[in-house]
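# Structural features, examined
Here are the chains, one letter per residue:
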Amino acid sequence: MQSSLIEKSKKYLWLPFTQMKDYDENPIIIESGNGIKVKDIEGKEYYDGYSALWLNVHGHRKKELDDAIKAQLDKIAHSTLLGMSNVPATELAEKLIEISPEKLTRVFYSDSGAEAMEIALKMAYQYWMNIGRTEKKKFIAMQNGYHGDTIGAVSIGSIDLYHQVYGPLMFESFKAPIPDVYHSKSGDPVQCREECLAILEKLLEEHHHEIAALTIESMVQGAGGMIVMPEGFLSGVRKLCTKYEVLMIVDEVATGFGRTGRMFACEYEEVQPDLMAVGKCITGGYLPIAATLATEDLYQAFYDDFDQRKTLFHGHSYTGNQLGCAVAVENLRLFEKENIVEEVAKKAEYLSSLFEELKTLPHVGDIRQLGFMCGIELVSSKETKEPFPFTERVGYRTTLKMREFGMLTRPLGDVLVFMPPHVSTRAELKAMVEIMKKAIIEVTDEVMKVGS
Ligand SMILES: *Cc1c(COP(=O)(O)O)cnc(C)c1O
């Protein structure tokens, strides 16, 4: 039965972000999960080292979350949010406004982080139309940013490997540099930050009259390689946006809901976004719900008689789905009950102490961490920071080796992603870091032997 399922998966599926030739060589089908482990159809168990792609909070098959969905099923699975509301969508909206930065007062639902960003773009664009500033039509995006895979989200994204091929399909946006300290010439966080802010200010000085909004990931660029921004950068960007009348769209899809040791990462710098996109951990990793949060000022620019044509014409069939919202409400209740955010912050310190040993390995160039959002960058030379050749696929091979040793994650190039579920215990963190260490040593040894 198992082998026939594997054959069928190879025959019928086309997987996201996957070279299917790689899948055919290394297929895997997950059957079940429990706590922070998942099990494949052959019965092999793995630590979920990337929270099922950055989503999972309480582990798999958390009883309270399972029960919340079952209870909602006994009422209704889905109606619509077009022109009407439903019970859990309303409750969740209240909760989201309560826990998010103070100036955000309105919740617009969607089904994925990419959509939440698309909606933020449309809101920002139409906001200026609605208030008669029709010249503000363009966007500033950050270099190396990632906001999802729909065309609008790709247009404000800037990771060449993913985005270049779609170039002609995108709308143009200005790109501003991000302070990537490890890869910068000086390696100095303050200098790096100031250089980037100065370039951004110059761009704003010249173009602010035509710019609707700036998009930025909050504190950490995730898919761009877990680049943690130096202190003072995000708040510096906020100040410039305010000064030049440009809306600030903060993407908390990856960083939101305790992932970084704060409920939202922008709390680190007390940044108040004009628009904020959330998704991923919002349902504890159970169902596809995302949301765009807006300030009252933004909302009011759309609120008028119908014939003024200021309505936001956007929506999806499953927007505000009851099962998803119900499990999200329960997820947030558990955040309070189990002190999830404070626990992540505390355990992150322990995790950081575990990384000290990894840092001594000859090919670990840099470890970047904010809470439970971590990237381990493998390099061919620590002194020169020279990467391994692209063709060696060191990151990919290391994650395959980790799979062998009983842990799942995906690399970003040669940056290993470590994003365990929030509830991972100290013992589990230790076991996972051990697996990473073993895999890194084996693969980098192998590569160096062949290379020499
Ligand atoms: C994952 C991610 C997205 C896209 O979310 P999807 O639900 O995959 O569409 C957007 N922004 C950031 C920062 C992300 O990490």
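Structure: above.
Procedures and definitions
Along each chain, residues carry numbers from 1 onward, in the same order as the chain's sequence is written. It should be noted that, the model being predicted, local features are given only for residues of pLDDT at least 70 and side-chain atom pairs only at 80 or more, the latter also being counted only at that level, while totals for whole chains, interfaces and linings use all residues. Water and hydrogen atoms were dropped before computing side-chain values, which therefore reflect all heavy atoms in the structure. Two strands are counted as paired when DSSP detects at least two bridges linking them. Strands here mean DSSP runs of E at least two residues long; helices mean DSSP runs of H or I at least four residues long; both are numbered from the N terminus. It suffices for a single heavy atom of a residue to lie within 4 Å of a molecule or strand for the residue to be listed as near it. Here a polar contact is recorded for every N or O atom pair within 3.5 Å, except that within protein the pair must consist of a potential hydrogen donor and a potential acceptor, and residues adjacent in sequence are included only if both atoms are side-chain atoms. Per-residue accessibility takes into account occlusion by the displayed protein chains alone, with areas from the Shrake-Rupley method and a 1.4 Å probe. Throughout, the ten residues Ala, Val, Leu, Ile, Met, Phe, Trp, Tyr, Cys and Pro are labelled nonpolar, Asp, Glu, Lys and Arg are labelled charged, and all others, Gly among them, are labelled polar. For every element, the axis is a line fit to its C-alpha atoms; helices are fit only across the contacting stretch, and the angle between N-to-C directions ranges from 0 to 180 degrees. The contact criterion used is simple: two residues touch if any of their non-hydrogen atoms lie within 4.5 Å. Whether a residue is buried, partly exposed or exposed follows from its accessible area with a 1.4 Å probe, protein chains only, as a fraction of its type maximum: under 20%, in between, or over 50%, in that order. Residue count minus one, scaled by 1.5 Å, sets the expected span of a helix. Stacked, tilted and edge-to-face are the three classes assigned to paired rings of Phe, Tyr and Trp, where Trp is represented by its six-membered ring and a pair needs centres within 6.5 Å; plane angles under 30 degrees give stacked, over 60 edge-to-face, the rest tilted. Only when the NZ atom of a Lys or the CZ atom of an Arg is both within 6 Å of the ring centre and within 35 degrees of the ring normal do we say a charge sits over the ring.

### With respect to the sheet that holds strand β1 (residues 30-34)
- Pairing is mixed across the open sheet formed by four strands, whose spatial order is β1-β2-β3-β15. Looking at the sheet topology across the chains shown, the edges are occupied by β1 and β15 (407-408).
- Strand direction decides the pairing type here: strand β3 (residues 45-48) and β15, joined by two bridges, are parallel. Looking at β15, one finds that Y47 is bridged to M407.

### Side note on the site of the ligand
- Every residue near the ligand is listed here: W54, S112, G113, A114, Y146, H147, G148, E217, D251, V253, A254 and K280.
- Interatomic distance of 2.8 Å between a backbone N/O atom of G113 and an oxygen atom of the ligand.
- Note that an oxygen atom of the ligand is positioned 2.9 Å from one of the backbone N or O atoms of A114.
- Against a free-state accessible area of 380 Å², the protein chains account for coverage of 82% of the ligand.
- Residue composition of the shell around the ligand, grouped by class: five nonpolar, four polar and three charged.

### Let's talk about the sheet that holds strand β5 (residues 138-142)
- As summarised here, the arrangement of the seven strands in space is β4-β12-β11-β10-β7-β5-β6, forming an open sheet in which the pairing is mixed. Whereas interior strands pair on both sides, the edge strands pair on one side only; in this sheet they are β4 (104-110) and β6 (174-176). Mean inter-strand twist for the sheet, computed between neighbouring axes without regard to direction, equals 20°.
- Note that strand β7 (residues 211-217) and strand β10 (residues 247-251) share five bridges and pair parallel. Bridge pairing links L214 to M248 in β10.
- Across the sheet, helix α10 (residues 233-243) touches β5, β7 and β10, and the angle it forms with β7 is around 175°.

### Considerations on the environment of A114
- Inspection of the secondary structure puts A114 in helix α6 (residues 113-130).
- Here A114 falls in the buried class, since its relative accessible area comes to 11%.
- Along the sequence, A114 and Y146 sit 32 residues apart, while their C-alpha atoms lie 9.4 Å from each other.
- Excluding residues within four positions of it along the chain, A114 makes contact with H147, G148, D149, T150 and A153.

### Things to note about helix α5 (residues 87-99)
- For α5, with 13 residues, the first-to-last C-alpha span of 19 Å sits near the 18 Å given by 1.5 Å per residue.
- Within α5, burial applies to P88, A89, L92, A93, K95, L96 and I99.
- At its buried positions, α5 is contacted by α4 (63-73), β4, β12 (290-295) and α12 (322-337).
- The backbone nitrogen of A89 lies 2.8 Å from a side-chain oxygen of the residue at the head of α5, namely N86.

### Brief notes about the packing of aromatic side chains
- Going through the model one piece at a time under the given rule, you end up with five aromatic pairs.
- Their ring planes at 45° and their centres at 5.9 Å tell us that F139 and F171 sit as a pair that is tilted. Of the two residues, F139 is situated in strand β5 and F171 in the loop between α8 (160-163) and β6; the sequence distance between them amounts to 32 residues.
- With a centroid separation of 6.5 Å and 75° between ring planes, the pair formed by F355 and F418 is classed as edge-to-face. One end of the pair, F355, is in helix α13 (residues 340-359); the other, F418, is in strand β17 (residues 415-418), with 63 residues separating them in the sequence. Each member of the pair, F355 as well as F418, is classed as buried.
- One cation-aromatic arrangement involves R106 over Y299; the distance from NZ or CZ to the ring centre is 3.7 Å.
- Taking NZ or CZ as reference, K438 lies 4.3 Å from the ring centre of F405, over its face.

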